[in-house]
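# Results of the structural survey
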Amino acid sequence: MNAERITPIDINANQAVKYADAILAERSEQARRLKYLGGGSFGRAVGVTLENGREYVLKLLLAPDMMEKECRDLRLLRENCPVRVPAVLYSRPCDDKIPADAYAMEKIPGKSAVTDICLFLSSKKRRLGFADEVTSALHAVHECVNGTFGDTLCPRHTDWLGLYKPFAQDILTRTHAAVRRGELSQSILSAAQAAFARFDDIFCEPVTQACLIHGDLNVANIMVDKGRVSGFIDPLNSMYADREYDLFQFDNLTGKRFFLADTYIAKYGASRNVRAKLAFYGLFNEIYCYFKAGTLFPAIMRPLVKNMRTQLAAL
Ligand SMILES: Nc1ncnc2c1ncn2[C@@H]1O[C@H](COP(=O)(O)OP(=O)(O)O)[C@@H](O)[C@H]1O
Ligand SMILES: [Mg+2]
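Described below are features of the structure shown in this document. The structure displayed is predicted, hence computed values, not measured ones.

Cut-off values and rules
Residues numbered from 1 in each chain as written. Chains lettered and ligands numbered in written order. Predicted model: local features only at pLDDT ≥ 70, side-chain atom pairs only at ≥ 80, totals over all residues. Heavy atoms only, no water. Helix = DSSP H or I, 4+ residues; strand = E, 2+ residues; numbered from the N terminus. Contact = heavy atoms within 4.5 Å. Polar contact = N/O pair within 3.5 Å; in protein donor to acceptor, adjacent residues only side chain to side chain. Axes fitted to C-alpha atoms, helices over the stretch in contact; angles between N-to-C directions. Left-handed = near helix turned anticlockwise from the far one by under 90°. Nonpolar A, V, L, I, M, F, W, Y, C, P; charged D, E, K, R; others polar. Donors = N, O, S within 2.8 Å, 3.2 Å for Na, K, Ca; no water. Buried < 20%, exposed > 50% of the residue type's maximum accessible area, 1.4 Å probe, protein only.

## Concerning the environment of S136
- Turning to its location among the elements, S136 is positioned in helix α4 (residues 124-142).
- For the pair S136 and K277, spaced 141 residues apart in the sequence, the C-alpha separation amounts to 21 Å.
- In this view, S136 contacts K267 and Y268; residues no more than four positions away in its chain are not counted.
- A polar contact of 3.0 Å, which involves the side chain of S136, links it to the backbone oxygen of D132.
- Engagement of the side chain of S136 in a polar contact is seen with the side chain of K267, the distance being 2.8 Å.

Written out as structure tokens, the structure reads:
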């Protein structure tokens, strides 16, 4: 949980396909088709179809030191998730020829739920069915527990809040500085300040169980095929954590339309003040992402600030 800025390696869609082609040539694999699939701040995914018809996905990682963790977390989640998580097939560290680490993984059928317009427009019953499938699978992941909290590679904290509160304090300190530099707005700072001032009220219940979390399960990282959930992809910051630290992403993008967080809470229960906690986790995570990647998405940030104020008023 380190908010230091990472400057991503600059690779566009065309270059990603060219690098994928070079990796295949190195492996003496014949590609019939290479297709750019998409990517966010730190990834570029390319779909590979080989001459023999076999398909897989090559992902280039735009930040150094991501590959070991991402591959390990995919394996760990795959072992503990009833919904398919792609198997890692091979990895290739960066060198003079290709400036980004890359790994290959099994292709999940279907498409990202965020792009499935039929699912978005489907009946409430259908959307609740989707939420039921997603939350059952995520809860199974959360049932993988550990004796200590922290990064999956080195979980060494005995207390969740002892790990999370200094992180939130660091984000707040950095937010002050970013507002002074004119990078972030005063409204973000005042919401974060007001929330941090109530930290001990919001987090009044101790977190007793360290649960495996995906870390970035928003609807863009849920795959759907023929109306069913076909896979979870793209873990980020997977940890042994408060399991509620895995729920705030559900409300980002179109997640609310599918009642994802509500369904999880109704099925599996939640701690006192869960709404305020999710608002806090969501706001501080979005500010953290700004520091990490340098990109601010007002369409995501604005509702998080508003929700934080609403939850504080209701506390
Ligand atoms: N294993 C996979 N199977 C099928 N499609 C995938 C797979 N991995 C990634 N994709 C596609 O590529 C897009 C970007 O990949 P993702 O791993 O989410 O990158 P980022 O880390 O940049 O968000 C996804 O939204 C999805 O459409
Ligand atoms: Mg993604």
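Next, the rest of the story.
## What about the packing of helix α6 (residues 186-197) against helix α10 (residues 298-314)?
- Packing of α6 against α10 brings their axes to within 10 Å, and their N-to-C directions diverge by 35°. Of the two elements, α6 crosses α10, and the hand of that crossing is left-handed. Side by side, α6 and α10 meet where S187, I188, S190, A191, A194 and A195 of the first sit next to M301, V305, M308, R309 and L312 of the second.
- Across the contact of α6 with α10, the residue classes break down as eight nonpolar, two polar and one charged.

## Re the coordination of the magnesium ion (ligand 2)
- Here the magnesium ion (ligand 2) is held by the protein donor atoms N221 (OD1) and D234 (OD), which lie 2.1 to 2.4 Å from it. Pair noted here: N221 is in the loop between β9 (210-213) and β10 (222-225) and D234 is in the loop between β11 (228-232) and β12 (239-241), with a separation of 13 residues, a long-range link.
- Look at N221 and you get buried, because its relative accessible area is 6%.
- Judged by its relative accessible area of 24%, D234 falls in the partly exposed class.

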